[in-house]
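As a plain string of letters, each chain reads:
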Amino acid sequence: MLSDFDIYAYLVSQQDMIFFDENAETATDQLNEMLHYITDYSDADDTLEQLEEVVRRTLFEWIENPELLALDSEEMQVYIMDQLADVRQQDVEEDD
């Protein structure tokens, strides 16, 4: 299903991150990095809906928690891997 997922449709620009004021460029770069990690850490079994849910969660958390700006690349990777695992687990639980 990964082939149907286009991360480029979700990437943000500095204009999208203007509410971060002087940190808009950093916020843009970091959020886009996190979004790229979704494709980096997804696998062939992930559905389009699962990947879109991880995007939604990531965007929501980014807006609601500006402290995410303090994350380094490794922490961002862990965050995305955790979100992917959580979405996969929810789908397993819903199937039971």
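In the block above lies the structure referred to throughout.
Procedures and definitions
- Residues numbered from 1 in each chain as written.
- Predicted model: local features only at pLDDT ≥ 70, side-chain atom pairs only at ≥ 80, totals over all residues.
- Heavy atoms only, no water.
- Helix = DSSP H or I, 4+ residues; strand = E, 2+ residues; numbered from the N terminus.
- Buried < 20%, exposed > 50% of the residue type's maximum accessible area, 1.4 Å probe, protein only.
- Contact = heavy atoms within 4.5 Å.
- Core = buried A, V, L, I, M, F, W, Y, C linked by side-chain atoms within 4.5 Å.
- Patch = residues over 30% accessible without salt bridge, like charges linked within 9 Å, V, L, I, M, F, W, Y side chains within 5 Å.
- Areas by Shrake-Rupley, 256 points an atom, 1.4 Å probe, with all protein chains shown as cover.
- Salt bridge = Lys/Arg side-chain N within 4 Å of Asp/Glu carboxyl O.
- Phe/Tyr/Trp six-rings, centres within 6.5 Å; stacked < 30°, edge-to-face > 60°.

1. Description of the environment of Trp62
In step 1: In this structure, Trp62 sits in helix α2 (residues 48–64).
In step 2: Residue Trp62 is classed as buried on the basis of its relative accessible area, which comes to 1%.
In step 3: For Trp62, the residues in contact, after removing those within four places along its chain, are Met17, Phe20, Ala27, Gln30, Leu31, Met34, Leu68 and Leu69.

2. Quick look at the nonpolar core
In step 1: Formed by 24 residues in total, the largest nonpolar core has its most connected members in Met17, Ile38, Trp62 and Ile80.
In step 2: Looking at this core, the elements with two or more residues in it are α1 (24–41), α2 and α3 (73–95).
In step 3: A per-element tally of this core places α1 first, with 7 residues.
In step 4: Each residue touching Ile38, except ones within four places of it in the same chain, is listed here: Phe5, Leu51, Val54, Val55, Thr58, Ile80 and Leu84.

3. Side note on a nonpolar patch on the surface
In step 1: Among the surface-exposed residues, Ile18, Phe19 and Ile63 lie close enough to one another that they form a single nonpolar patch of about 290 Å² accessible area.
In step 2: Structurally, Ile63 can be placed in helix α2.
In step 3: The class of Ile63 is partly exposed, set by a relative accessible area of 42%.

4. Thoughts on the packing of aromatic side chains
In step 1: Evaluation of the coordinates by the stated rule reveals 4 aromatic pairs.
In step 2: Summarising the aromatic geometry, the rings of Phe19 and Phe20 are spaced 4.8 Å apart at their centres and angled 35° between planes, so their arrangement reads as tilted.
In step 3: According to the relative accessible area criterion, Phe19 is partly exposed, its value standing at 43%.
In step 4: For Phe20, a relative accessible area of 9% translates into the label buried.
In step 5: When the centroid spacing of 6.3 Å and the interplanar angle of 45° are considered together, the rings of Phe20 and Trp62 count as tilted. Taken together, the residues Phe20 in the segment before α1 and Trp62 in helix α2 connect sequence positions 42 residues apart.
In step 6: Here the aromatic cluster, defined as three or more aromatic residues joined through ring pairs, consists of Phe19, Phe20 and Trp62.

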